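Here are the chains, one letter per residue:
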Amino acid sequence: MKSSVVIILFVMAAFALQTGDKYQVLREKMVRDQIVSRGISDQLTLKAMQKVPRHLFVPAEYVSRAYNDSPLPIGHGQTISQPFIVAYMTEVVKPTSHKKALEIGTGSGYQAAVLAEIVKEVYSIEIVPELAKESAALLGKLGYENISCKYGDGYQGWKEHAPFDIIVVTAAAPEIPQPLIDQLAENGRLVIPVGPPSSIQELILVEKKNGKTVEKRLTLVRFVPFKRL
Ligand code: SAH
């Protein structure tokens, strides 16, 4: 582990103990044991994961498991992803403060919040109306003014706000939706699980360079299926 990471985590833990925020302590442990230990080193990603109160994004009955190393049900057959996967997908799209991001699959709103801690604007689309409503309300309550949510089929992207420097798809699609490739900015990065539903998929990174896209296979993952309206 890099010494700068150790120092940051130590300062955060000391501050958390002082303020008595037990969730801050659990987050510090989550970041150290599940995320830094598996090789995530981007400071902006680690800081965002340390800050976003994941326990507020899970149903009441799962609050005690909010910082566990696993996905959790969020209702309507959907899940909030494992913390490591959220960190991995965040780091791989290289978020920075001037960038604009699109997320497909708002779900609980957690990944949107993590991105919003780093980038300028986040646009997020959710296909389950109840989840779209609940996550938009929660993100508003938490003060995320740089996130815009809408209900709909993310296959079409969000043309009015394109192009996007970052596109994060959090549901497994049979192929990469062409509208998303079209809405990716020059030098933009798109990450998406591709493969059959209810099985193992491949996480693919798409980069756009000189108008052409280059695909890279990253790792194997298991996501809920990409639905269509
Ligand atoms: N990013 C979410 C993960 C939720 S799981 C989080 O941090 O909690 C993936 C979500 O994608 C589900 O809520 C599912 O309803 C949604 N989804 C599936 N297909 C979609 C589509 N075509 N457009 C928008 N959302 C979709």
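No experiment lies behind these values; they were computed from the predicted model shown. Each residue is numbered by its place in its chain's sequence as written, counting from 1. For a predicted model such as this one, the threshold for reporting local features is a pLDDT of at least 70, and the threshold for listing and counting side-chain atom pairs is 80 or more; totals across whole chains, interfaces and linings nevertheless cover every residue. Working from all heavy atoms in the structure, the side-chain values ignore hydrogens and water.

**As for unusual backbone geometry**
Inference 1: Cis geometry is found at the peptide bond from Ala-162 to Pro-163, where omega equals 0°.
Inference 2: By secondary structure assignment, the location of Pro-163 is in the loop between strand S5 (147-151) and strand S6 (164-169).
Inference 3: Despite not being glycine, His-76 shows a phi value in the positive range, around 60°.
Inference 4: Numbering goes from the N terminus for both helices and strands, where a helix is a DSSP run of H or I of at least four residues and a strand is a run of E of at least two. Checked against the element boundaries, His-76 lands in the loop between strand S1 (72-75) and strand S2 (78-80).

**A closer look at the packing of aromatic side chains**
Inference 1: Pairing of aromatic side chains here covers Phe, Tyr and the six-membered ring of Trp, requires ring centres within 6.5 Å, and sorts the geometry by plane angle: under 30 degrees stacked, over 60 edge-to-face, intermediate tilted. Per the stated rule, a full pass over the model turns up six aromatic pairs.
Inference 2: Between Tyr-123 and Trp-158, the aromatic rings sit 5.3 Å apart at their centres with planes inclined by 75°, giving edge-to-face as the arrangement. Of the two residues, Tyr-123 is situated in strand S4 (residues 121-126) and Trp-158 in the loop between S5 and S6; the sequence distance between them amounts to 35 residues. The pair Tyr-123 / Trp-158 is uniform in exposure class, with both members buried. The buried label applies to any residue whose accessible area, calculated with a 1.4 Å probe on protein chains only, is under 20% of its type's maximum; exposed applies above 50%, and partly exposed to all values in between.

**Quick look at the pattern of salt bridges**
Inference 1: Throughout this description, the term salt bridge denotes a Lys or Arg side-chain nitrogen within 4 Å of a carboxyl oxygen of Asp or Glu. Overall, the coordinates contain nine salt bridges when judged by the stated rule.
Inference 2: With a shortest N-O distance of 2.8 Å, Asp-33 and Lys-29 are connected by a salt bridge. Highlighted residues: Asp-33 and Lys-29, both in helix H2 (residues 22-35), separated by four residues, approximately one helical turn.
Inference 3: Glu-207 is paired through a salt bridge with Arg-189; the nearest N and O atoms lie 2.9 Å apart. One end of the pair, Glu-207, is in strand S8 (residues 201-209); the other, Arg-189, is in strand S7 (residues 184-194), with 18 residues separating them in the sequence.

**Considerations on the site of the ligand**
Inference 1: We define proximity as follows: a residue is near a molecule or strand when any one of its heavy atoms falls within 4 Å of that partner. Within the structure, the ligand sits among 25 residues, and Glu-103, Ser-108, Glu-126, Gly-154 and Lys-227 are positioned closest to it.
Inference 2: Any N or O atom pair separated by 3.5 Å or less is treated as a polar contact, with the protein-specific requirement of one donor-capable and one acceptor-capable atom, and with residues adjacent in sequence counted only for side-chain atom pairs. Residue Glu-126 places a side-chain N or O atom 2.6 Å away from an oxygen atom belonging to the ligand.
Inference 3: Residue Thr-170 places a side-chain N or O atom 3.2 Å away from a nitrogen atom belonging to the ligand.
Inference 4: Computed by Shrake-Rupley with a 1.4 Å probe, the accessible areas treat only the displayed protein chains as cover when residues are assessed. Alone, the ligand offers 580 Å² of accessible surface; in the complex the protein occludes 99% of this.
Inference 5: Broken down by secondary-structure element, the contributors of at least two residues to the shell around the ligand are S2, strand S3 (100-104), helix H5 (110-116) and S4.

Keep in mind that these numbers describe shape and distance, not what the molecule does.
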